[in-house]
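# Structural overview
So the chains spell out like this:
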Amino acid sequence: MASLIILLIIAGCAAYQYLKGTLVRAFATIIITICANVVAFGYFETLAGVFVSRSASPEQSALVPWAQSLCFALIFILTFAILQTALIFLTHQPVDLGVLPERIGRIVCGIFSGLILSGILLTVLAMAPLPNKYPYQRFDERNPDAERPSKALLSADGFATGWFSMLSNGSFSAIADKKSFATLHPAFLDQVFLNRHAIADEITTITSSQAIEVPTKNPAWYAPEDIKDSDGNTLQKSGYDVIIVRVGIKRAAIRQARTFTTSQLRLICTPKSEANQLIGKGKNAYPIGYLVAQNQIQKKRLNEKITIEAPQSNETARWIDFGFYVPEGFVPVLVEFKLNSITEVKPPVPAEQAPPVIPFIKQTEKNEDAAERDASPQRRGNRASGQPETSSGERGLSDISKSIVPGVDEDN
């Protein structure tokens, strides 16, 4: 399906430019398409965040899961239409560069425009809550591997998203702060495809509010050298550090976030030299599993569901200690959950300073009823109950990617 879409759009754009366009307009259309793509990537999260915050929960509103894809499409179409109208006005008198340059140039420009447009369309479809096979099967259905994504014909969607990553990573920076889209959303297509991998099981892809938090003190630590999985096999791997990150699912988001897959949780890592700036190009790390003892991780595949029990009445969140493989020389800076929850992580501390393990507790029917009754976060009693203090009152980064202006080739 994806290959057919790409070929049809490329052929249509090339034919249109050859029959109806001029070389100047055809080339300008490429620039306009890239500019509209940049604007859409820069502001779709901001617009979607406004829409989601003022809408019902994803379970109650059919449009909420579509918020990001629809907002991206809306911004792109409006920007493209405005710039294209300006182009027509400015080039009212046609410019003829000669028969041969015109004929060849129109076709070449049409092909490039079609490639970018088809990639943008595939990206919009990838953000939408569609079944895994649409627009194409990027990851294996039964055992997805984040390191081995399939690609569309000509990697059209990677070409389109790569323009923004390159611009955000290099020439451009955020309007308010210098934050790179390539850091916030490395391998963006992998993120959105893996986020919706279990959509057939009716697992939400977005939450109506910030759903995660981390402790303010020692939220991440290096795993001990003798860390093993539940079968007794060592988890240490050459070229990687095993890092544990404590993530809390907030009480206020428990209805939408209580069931998820590890593919919906990702740790964003950057080189140590860039950890405090959120610039450059980051790397995604997905959970190996979660801690069940100080030196033991229960491994989980990316498509395995995790269902958590509701927090107790004096708890703000349900905490889980997740393990990640982080490339040597990199440190975690952000944790992202589903499409729109993100929070900052402080640098990991040595294993000797690791806090006591919080064992994962499976959901019970009793706790599920409690989650329905308790919908608002409560902070009182944290210290008395031994719950970690959280960073939600610090530099909140749930809106960190709202003001990015353009982030060519992403690893897609």
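In this report, the structure presented in the accompanying data block is examined. Residue indices begin from 1 for each chain and proceed along its sequence in written order. Residues qualify for local features only when their pLDDT is at least 70, as the model is predicted, and side-chain atom pairs are given and counted only at 80 or more; totals for whole chains, interfaces and linings, by contrast, use all residues. The basis for every side-chain value is the complete set of non-hydrogen atoms in the structure, without hydrogens or water.

At least two DSSP bridges between two strands are required for those strands to pair. Strands are runs of DSSP state E lasting at least 2 residues, helices are runs of H or I lasting at least 4, and numbering of each runs from the N terminus. In spatial order, the strands read S7-S6-S12-S13; together these four strands make up an open sheet with antiparallel pairing. Whereas interior strands pair on both sides, the edge strands pair on one side only; in this sheet they are strand S7 (283-285) and strand S13 (341-344). Neighbour-to-neighbour, the strand axes of the sheet open up by a mean angle of 35°, direction not taken into account. Relative to S7, strand S6 (residues 265-271) runs antiparallel, the two being bridged by three bridges. The residue bridging Leu-267 from the neighbouring strand is Ala-285, located in S7. Note on geometry: axes are C-alpha line fits, over the in-contact stretch for helices, and angles between N-to-C directions span 0 to 180 degrees.

Checked against the element boundaries, Glu-213 lands in strand S1 (residues 212-213). For each residue, the accessible area found with a 1.4 Å probe, counting protein chains only, is set against the maximum for its type, and the residue is called buried under 20%, exposed over 50%, and partly exposed in between. For Glu-213, a relative accessible area of 2% puts it in the buried group. Polar contacts, as counted here, are pairs of nitrogen or oxygen atoms within 3.5 Å of one another; within protein the pair requires one atom able to donate a hydrogen and one able to accept it, and residues that are adjacent in sequence qualify only if both atoms are side-chain atoms. Here Thr-316 takes part through its side chain, which lies 3.2 Å from a polar atom of the side chain of Glu-213.

With that out of the way, let us pick up the packing of aromatic side chains. For Phe, Tyr and Trp, where Trp contributes only its six-membered ring, two rings pair if their centres lie within 6.5 Å, and the inter-plane angle classes them as stacked under 30 degrees, edge-to-face over 60, or tilted in between. Evaluation of the coordinates by the stated rule reveals 15 aromatic pairs. Ring centres of Phe-41 and Phe-181 lie 5.5 Å apart, and the angle between their planes is 65°; on these two criteria the pair is classed as edge-to-face. Here Phe-41 is found in helix H2 (residues 23-53), whereas its partner Phe-181 is found in helix H6 (residues 181-184), with 140 residues between them in sequence. One exposure class covers both Phe-41 and Phe-181, and it is buried. Judged by centre distance (4.7 Å) and plane angle (80°), the ring pair of Phe-164 and Phe-181 falls under edge-to-face. With a gap of 17 residues between them, Phe-164 in helix H5 (residues 156-169) and Phe-181 in helix H6 connect regions that are remote in the sequence. In this structure Phe-164 comes out as buried when scored by relative accessible area, which is 0%. Among the aromatic residues, those joined into a cluster by ring pairs are Phe-41, Phe-44, Phe-72, Phe-164, Phe-181 and Phe-188. Above the face of the Tyr-240 ring, Lys-237 is positioned so that its terminal group lies 4.6 Å from the ring centre. The ring of Tyr-325 carries Lys-237 above its face, with NZ or CZ at 4.3 Å from the centroid. Here, a charge over a ring means that NZ of Lys or CZ of Arg falls within 6 Å of the ring centre while also lying within 35 degrees of the ring normal.

Okay, unusual backbone geometry next. Residue Pro-135 is bonded to the preceding Tyr-134 through a cis peptide linkage, with omega at -5°. By secondary structure assignment, the location of Pro-135 is in the loop between helix H4 (99-127) and H5.

How far a helix is expected to stretch is found by multiplying one less than its residue total by 1.5 Å. If you check helix H3 (residues 67-90), its first and last C-alpha atoms are 35 Å apart, about what 24 residues at 1.5 Å a residue would give, namely 34 Å. Among the residues of H3, those classed as buried are Ala-67, Gln-68, Ser-69, Cys-71, Phe-72, Ile-75, Phe-76, Thr-79 and Leu-87. As for H3, its buried residues are in contact with H2 and H4. Here, two residues are considered to be in contact whenever any of their heavy atoms come within 4.5 Å of each other.

It is worth stressing that arrangement in space is one thing and function is another; only the former is reported here.
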